[in-house]
Amino acid sequence: MVVEQQRQIPATREVVCTHCERKIEIPATAMSVSCRHCHRRVIIEDLEIKTYHAVLRVATAGRVEVQKKGTLVADVRVNELSVEGNVKGNVIALDRVAVGKKASIEGDVSCRTLSVEPGAKLRGHFRVDPRFAPPPAARSDGADDETA
Amino acid sequence: MIDKNAAGTPVEFPTVIGADAVFKGELHFEKGVRVDGRIEGKVSTKGHLAVSQGGHLQADVEAGSIIVEGDVKGNLVAGDRVELRKSARLKGDVTASKLLVAEGAAFVGHCSIGPDAQKAPATPPPTNRIAEALPRK
């Protein structure tokens, strides 16, 4: 009797490189990878901003959540952004931006979909387009998360 | 349904601009108006303004609240709220107390949303944000 052993296939997922905007397939549990197209480091992990956080740039192919008491002062380039606190800076989201009722965003926002709860404060130029394709990120020599 | 706002409250439109109607110029309404046709110019109303899915608005609008399902090119100023439904296409600045954007809506323009939005209309944000955020001596 032949017992078929099911081979465990490692789960993968597809993300978009925050530098060259091309799709890359990565292990589901990866926190950061090198893009096979542009060979640059791509941060995958999700970030939670719970307090005051001022940096030059936040770039991740994952999700950034700015919680109620959090303030993020940075140019943000993410897959998905959820704001319950404050964001000061330009935002480029490859997918969606969700703004809670007590949240505020000061800066330009580009994304595919935007959801805003009543009570949110928004100030800046908004580009919400379901077919939005972000421009390739400007090359920086430093890390993706630079402290101001 | 454009006859209900996002909260589910029915909205009345005593005036309906029909699908085959084209208006050019300045229009003022005392109560709500629904645009199924086309308006070019300037629109003001104390009530609700709704642009239905086939409606086209190329105008600056001042209204109590605005619901968009069609195409709008122009600046929107609402005392209460602006709702962009999933089929909405808006190119222009928005100034309102509240903004609701449904998934699928397209919007390009400056935004000034919040209780104080009417005092400070939509303008580009300050450029030197980090210097502003640093504590001052």
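Quick caveat: nothing in here was measured; it's all calculated off a predicted structure. (Residues numbered from 1 in each chain as written. Chains lettered and ligands numbered in written order. Predicted model: local features only at pLDDT ≥ 70, side-chain atom pairs only at ≥ 80, totals over all residues.)

**Considering the overall build of chain B**
This is how the line gets drawn: Put simply, DSSP marks the helices as runs of H or I at least four residues long and the strands as runs of E at least two long, and each gets a number from the N terminus on. Partly exposed residues are those falling between the two cut-offs: more than 12 but fewer than 20 other C-beta atoms within 10 Å of their own, whereas 20 or more means buried and 12 or fewer means exposed, with C-beta atoms placed from the backbone.
Within chain B one finds one helix and 14 strands. Buried positions account for 41% of the 137 residues belonging to chain B.

**Notes on the overall build of chain A**
Where we set the bar: Whether two residues are in contact depends on their C-beta atoms, placed from the backbone: they are in contact if these lie within 7 Å.
Tallying secondary structure elements over chain A gives zero helices and 14 strands in all. Starting at the N terminus, the α and β elements of chain A follow one another as β-β-β-β-β-β-β-β-β-β-β-β-β-β. The buried share among the 148 residues of chain A stands at 41%. Sequence separation of at least 24 residues holds for 16% of the intrachain contacts in chain A that already meet a minimum separation of 6.

**Regarding the environment of Gly107 of chain A**
Residues and elements named next belong to chain A. The residue Gly107 is located in the loop between strand S11 (104-106) and strand S12 (109-111) in this model. Accessibility expressed as a C-beta count within 10 Å gives 23 for Gly107, which makes it buried. Placed 17 residues apart in sequence, Gly107 and Gly124 show a C-alpha to C-alpha distance of 4.7 Å.

**A few points about the nonpolar core**
Here is the rule we go by: We define a nonpolar core as a collection of buried residues of the types Ala, Val, Leu, Ile, Met, Phe, Trp, Tyr and Cys that are connected via C-beta atoms lying within 7 Å of each other.
By size, the foremost hydrophobic cluster in this structure holds 70 residues, and its most contacted members are Val76 and Val91 of chain A together with Val61, Ile66, Leu84, Leu99 and Val101 of chain B. Counting residues per element, this core draws most heavily on strand S8 (residues 71-83) of chain A, which supplies seven residues. With sequence-adjacent residues up to four places away left out, Val76 of chain A is seen in contact with Val58, Val64, Leu81, Val87, Gly89 and Val91 of chain A.

**What about the pairing of strand S7 (residues 63-66) of chain A?**
Residue and element names in this part refer to chain A. We count it as follows: Pairing between two strands requires that DSSP report at least two bridges joining them.
Looking at chain direction, strand S5 (residues 47-49) and S7 are connected through three bridges and run parallel. Bridge assignment links Leu47 to a residue of S7, and that residue is Val64. When S7 meets S8, the two strands line up parallel, connected through four bridges. Pairing of Arg63 across the sheet is with Glu80, part of S8.

**Here we look at the pairing of strand S14 (residues 106-113) of chain B**
In regular strands, side chains alternate between the two faces of the sheet. Most of S14 of chain B sits out of view: six of its eight residues are buried. Sheet topology note: the strand S14 (residues 121-128) of chain A/S14 of chain B ladder contains seven bridges and is antiparallel. Looking at the pairing, Phe126 of chain A lines up with Gly109 of chain B of S14 of chain B. The pairing of strand S11 (residues 89-91) of chain B with S14 of chain B spans three bridges and is parallel.

**Notes on the sheet that holds strand S3 (residues 33-35) of chain B**
All names here are of chain B. Threshold: Axes here refer to lines fitted to C-alpha atoms; in helices the fit is confined to the stretch in contact. Angles between the N-to-C directions go from 0 to 180 degrees.
Spatially, six strands are ordered S1-S3-S5-S7-S10-S13 in an open sheet, and the strand pairing comes out parallel. In this open sheet, the two edge strands, each paired with only one partner strand, are strand S1 (15-17) and strand S13 (98-101). Averaged over all adjacent pairs, the angle separating strand axes in this sheet is 10°, with direction ignored. Bridge analysis of S1 against S3 gives three bridges, and the strand direction is parallel. Considered in S3, the bridge of Val16 is made with Arg34.

**A closer look at the environment of Arg81 of chain B**
Inspection of the secondary structure puts Arg81 of chain B in strand S10 (residues 81-84). Taking C-alpha positions, Arg81 of chain B is 17 Å from Val35 of chain B, a pair spaced 46 residues apart along the chain. Residues in contact with Arg81 of chain B, not counting those within four places in the same chain, are Pro118 of chain A together with Ser65, Ala96, Ser97, Lys98 and Leu100 of chain B.

**What about unusual backbone geometry?**
Residue and element names in this part refer to chain A. Even without a glycine there, the phi angle at Glu21 is positive, about 65°. Along the chain, Glu21 turns up in the loop between strand S1 (12-16) and strand S2 (23-27). With 16 C-beta atoms packed within 10 Å, Glu21 lands in the partly exposed category.

**With respect to the confidence of the model for chain A**
Spelled out, the test is: A score from 0 to 100, pLDDT tells how confident the predictor is in each residue.
In this model, chain A carries an average pLDDT of 84, and 84% of its residues clear a pLDDT of 70 or more. Mean pLDDT values for the elements of chain A range from 83 in S1 of chain A up to 95 in strand S9 (residues 86-88) of chain A.

**A short note on the environment of Arg85 of chain B**
Within the secondary structure, Arg85 of chain B sits in the loop between S10 and S11. Residues in contact with Arg85 of chain B, not counting those within four places in the same chain, are Ile67, Val68, Glu69, Ala102 and Ala105 of chain B.

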